[in-house]
Amino acid sequence: MNSRRIKVLELGWEFPPLINGGLGVACMGISRALSSKVDLSVIVPKADPSAVYDGFTLKGLNNLDHATLRTQEEGYTYESFSVVGKAPVNLDPYACCEGTPGHITFTKEGKLLFSKVHEADLALFSGKEDLYAGDLARKVIEFSKICAVMARSYDFDVVHAHDWMTYLAGVEVKKATGKPLVVHLHASQFDRAGADARGWIYDIEKYGMEQADAVIPVSKYTGLVAAGHYGIDPSKIFPVHNGADPVHVFHSKKKFPEKLVLFLGRLTAQKGPEFFLQIAAKVLEQTDNVRFVMAGTGEKLRQLIETGAFHGVGDKFHFTGFLNKQKVNELLSMTDVYCMPSVSEPFGLSALEAAQFNIPAVISKQSGVAEVMKGALKADFWDVDMMAKHIIDLITDEELYKRVAEQSAQDIKNSSWETAADKMIRVYHHVLGW
């Protein structure tokens, strides 16, 4: 094996402190862990120019000078992508809704009908608009074009692209430089829309994984999705579980005497919030010594509030809306049981975060984190009776509660970003032939 330190160019879409979504948190954890083991450079659409990161450089397109970019662009011809004929103008990557196909088109040879980067293209990443808002398809394509130009001035051995928004950029960089491509599958359109998922996002995911030299899904479960629903060669799939950042663990006293059961996540169909409501109703049929809290926001919120009233759990069921990290930790500090009934969960980092607070978890079998948390109580996402039984058992059986909590604490000891980084480096060596 070549002992030289590998040089990695990482392409991300979210990065704290500007964006603190799940993808951004994971990319931050991965970057920090990798930076002590490889020479790392990171390109994202938006970066805080005042932020300083130890061990790696971070460049945001919002901080680029167009004149400099045009100079770097001279003589470059975009290979681009034959993956689609037209790109939808409006996309919602969480609700899996795609708008009407718009003006971004490709030739049969896969050449973009527009080529050079204009100031208006760069301006897509400089305003206050949410990266997922507006013409997301155009942002994804412009990001790929700009990354390909920028990559020519970087010295690196392998490019590592995170999730579908950066896959086209990863492919374009690979074609521009000849360097091997590793794509990271944090979540898929299959998870968001089900087995019948198709459309532009699905096509990009499939195309990116096909063009990649290696695919890193966040779990074996997600690796099976890549192989089974996207037709990706299993020999180039290398699952790597997520880690969890260390947190200051503390405990707070609740303002009510009942046990607290928590759901934490986006209120989308993928996360199974409707099942959480059904679980709550079944638990409350047998005991009133429990309150349920749903923390998060999303397109299902209004419907869930109405459904909650219908089930008659309104006085025992609380919606918090969006919570920042500090508020989430305050809520975890007083939680008795964590419940994650996800329909299809690539990993489920929030379950690890709950385990850090010594909270026993009831999670769906359709999740990647179930591979890591051996001691958690599990059930199929649709089996609300079993989920409810697990919760009742935990809040009524002190011995079981203690045993599950202790096992969860043991399970997360090996769930670090450093462990994940070591596995990623082995993937780099594989694609480089070192």
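Reading the values: the criteria
Residues numbered from 1 in each chain as written. Predicted model: local features only at pLDDT ≥ 70, side-chain atom pairs only at ≥ 80, totals over all residues. Heavy atoms only, no water. Buried < 20%, exposed > 50% of the residue type's maximum accessible area, 1.4 Å probe, protein only. Helix = DSSP H or I, 4+ residues; strand = E, 2+ residues; numbered from the N terminus. Contact = heavy atoms within 4.5 Å. Pairing = 2+ DSSP bridges. Axes fitted to C-alpha atoms, helices over the stretch in contact; angles between N-to-C directions. Salt bridge = Lys/Arg side-chain N within 4 Å of Asp/Glu carboxyl O.

A. Structural view of helix H8 (residues 220-230). Listing the buried residues of H8 in full gives Tyr221, Thr222, Gly223, Val225, Ala226 and Tyr230. Considering only its buried residues, H8 is in contact with strand S9 (181-185), helix H6 (189-193), helix H7 (200-211) and strand S10 (214-217).

B. Examining the sheet that holds strand S3 (residues 56-60) more closely. Pairing is parallel in the open sheet, where six strands are placed in the order S3-S2-S1-S8-S9-S10. Of all strands in the sheet, those bounded by a partner on one side alone are S3 and S10. Strand-to-strand twist of the sheet, defined as the mean angle between neighbouring strand axes without regard to direction, takes the value 20 degrees. In terms of strand pairing, strand S1 (residues 7-11) meets strand S2 (residues 39-44) through five bridges, oriented parallel.

C. Broad picture of the pattern of salt bridges. Using the criterion set out here, one finds 17 salt bridges in the structure. A salt bridge links Asp422 to Lys37, with the shortest nitrogen-to-oxygen separation between them at 3.1 Å. Here Asp422, found in helix H15 (residues 417-432), pairs with Lys37, found in the loop between helix H1 (22-35) and S2; they are 385 residues apart in sequence, far enough to count as distant. Residue Asp422 is classed as partly exposed on the basis of its relative accessible area of 34%. The partly exposed category is assigned to Lys37, whose relative accessible area is 27%.

D. Region of the structure containing the sheet that holds strand S12 (residues 290-295). The six strands lie next to each other as S13-S12-S11-S14-S15-S16, forming an open sheet whose pairing is parallel. Each having just a single partner strand, strand S13 (317-321) and strand S16 (377-379) make up the two edges of the open sheet. Ignoring strand direction, the axes of neighbouring strands in this sheet form an average angle of 20 degrees. When strand S11 (residues 259-264) meets strand S14 (residues 337-340), the two strands line up parallel, connected through two bridges. Bridge assignment links Val261 to a residue of S14, and that residue is Val337. Across the sheet, helix H9 (residues 273-286) lies against S11, S12, S13 and S14, angled at about 170 degrees from S12, the strand it touches most. Along the sheet, helix H12 (residues 349-356) makes contact with S11, S14 and strand S15 (361-364), crossing S14 at roughly 175 degrees.

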